[in-house]
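# Structure assessment
The lines below spell out each chain.
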Amino acid sequence: MIEVYGDIENMTETSFLLLTNSNQALKIYVFLFNGSRVWTFIENLNKKEFKPQNLVQRDSLSEEIKISKTTSKIFLFMCFVTCCLWGIFPFLDRQPGEKIRLPLSGWYPFGTDTSPSFELVYAYQIFATWINGMGNITMDTFISGAIMAISVQLKILNNSFEVMTVQNYQNRNLRCESTLKNLRRALVKNIVHYRSILQLSAEMTSLFTICMTSQFAVSVIIICMTMFQMSLVSVASLQFLSMLLYQACILLEIFLWCYYGNEVIIESEKLTQSAYVCEWIECTKEFKKDLLFFMTRTQFPLKLYAGGYFTLSLGTYMAILKSSWSYFAVLNSMHSEEV
């Protein structure tokens, strides 16, 4: 970056991977430093409060896990193809008589124009980029999986209230003291489940807020720089295709967090209505009191934040895209004036 300072084209070519790798280093530090807490977080997902209680809940959980696994495989495949394209485009996109150049910009304390230095650095860049990409995606999909777990638990909790309502309706002519006690136990169980979800979301935010905040911040710049680099190469070139796939990886990376964060908001907003539809009129005073407290709390939907500022939602995702486009327009205008 120091060597090419002032050259917009070379600086943007260097910066998008520099920012990606710097952000990845921060993620690795967070995972290593909080390793024991991460394992505890995983173990907490096996608490009895989080286990599905019926086939509908089990199917919902299984379906979300299946989608999450499929998305992770697609993400890893995109990364693999991107790295492969970076490895071959210097051979296929060059002009006749033009020397093969390294696939990625970089500075080394030795010459890379002669053999075997060129071949070694070439292989190093492709291998290191592939390893970094796979590691980065693994951490990102772990975080998105954690957010998915919170959203699906809220979906299960909504179903628990719906099932309790159906049971109330079916037994409306069989009112007895034991039935009312069972209903109150079911309500208390659901409240304990909700409290466990809040604790789980608080721990997830505490663990990964630095990762998510830094990713949102650098994604605005990375998306902008990648679009600028794509505007400099031919649309028919492999380099353009590789940059397009890289851009898709970055967009999918933050989309997963925002999508599942948005699902958390949607499912938590349903809780008040799910609790209200139960036949509370004929229940005991204790039941009504507990239900009222729960409904008052769920008036405020659960939202996950990155750094206490960025809300994990589709609105934040759109804001990132708009900001990136604005910066790209400014950068492209500055480059056009220089040319």
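None of these values were measured; they are calculated from a predicted model.

### Regarding the UniProt feature "transmembrane region" (unreviewed entry) in the protein chain
In this numbering, the UniProt entry assigns the feature "transmembrane region" (unreviewed entry) to residues 74-92, 205-228, 240-260 and 302-320. As annotated, residues 205-228 comprises 100% helix and 0% strand, and the C-alpha atoms at either end are separated by 33 Å. Overall, residues 240-260 shows 100% helix and 0% strand. The separation of its end C-alpha atoms is 30 Å.

### A look at unusual backbone geometry
Residue Ser-115 is joined to Pro-116 through a cis peptide bond whose omega torsion reads 5°. On the secondary structure map, Pro-116 appears in the loop between α3 (55-92) and α4 (117-170).

### Remarks on the packing of helix α1 (residues 8-33) against helix α6 (residues 238-269)
Relative to each other, α1 and α6 sit at 35°, their axes nearing to 13 Å. When you trace α1 past α6, the crossing you get is left-handed. Residues Phe-16, Leu-17, Thr-20 and Lys-27 of α1 lie in contact with α6, whose contacting residues are Met-243, Tyr-246 and Glu-253. Residues that form the contact of α1 with α6 fall into these classes: 4 nonpolar, 1 polar and 2 charged.

### Focus on the environment of Ser-201
Its place among the elements puts Ser-201 in helix α5 (residues 177-232). With 55 residues separating them in the primary sequence, Ser-201 and Ala-146 have C-alpha atoms 8.7 Å apart. Once you skip the residues sitting within four places of it in the chain, Ser-201 turns out to touch Ile-150, Leu-302 and Leu-304. Side-chain polar atoms of Ser-201 contact the backbone oxygen of Leu-198, separated by 2.8 Å.

### A few points about the packing of aromatic side chains
Inspection of the entire model under this criterion finds 17 aromatic pairs. Between Phe-31 and Phe-142, the ring centres sit 5.6 Å apart and the planes meet at 75°, which makes this aromatic pair edge-to-face. Note that Phe-31 is positioned in helix α1 and Phe-142 in helix α4, a separation of 111 residues in sequence. With a centroid separation of 5.3 Å and 70° between ring planes, the pair formed by Tyr-259 and Tyr-260 is classed as edge-to-face. For Tyr-259, a relative accessible area of 33% translates into the label partly exposed. Through a chain of ring-to-ring contacts, the aromatic side chains of Phe-216, Trp-257, Tyr-309 and Phe-310 assemble into a single cluster.

About the cut-offs
- Residues numbered from 1 in each chain as written.
- Predicted model: local features only at pLDDT ≥ 70, side-chain atom pairs only at ≥ 80, totals over all residues.
- Heavy atoms only, no water.
- UniProt positions renumbered as here; feature names shortened; annotations may be inferred.
- Helix = DSSP H or I, 4+ residues; strand = E, 2+ residues; numbered from the N terminus.
- Axes fitted to C-alpha atoms, helices over the stretch in contact; angles between N-to-C directions.
- Left-handed = near helix turned anticlockwise from the far one by under 90°.
- Contact = heavy atoms within 4.5 Å.
- Nonpolar A, V, L, I, M, F, W, Y, C, P; charged D, E, K, R; others polar.
- Polar contact = N/O pair within 3.5 Å; in protein donor to acceptor, adjacent residues only side chain to side chain.
- Phe/Tyr/Trp six-rings, centres within 6.5 Å; stacked < 30°, edge-to-face > 60°.
- Buried < 20%, exposed > 50% of the residue type's maximum accessible area, 1.4 Å probe, protein only.

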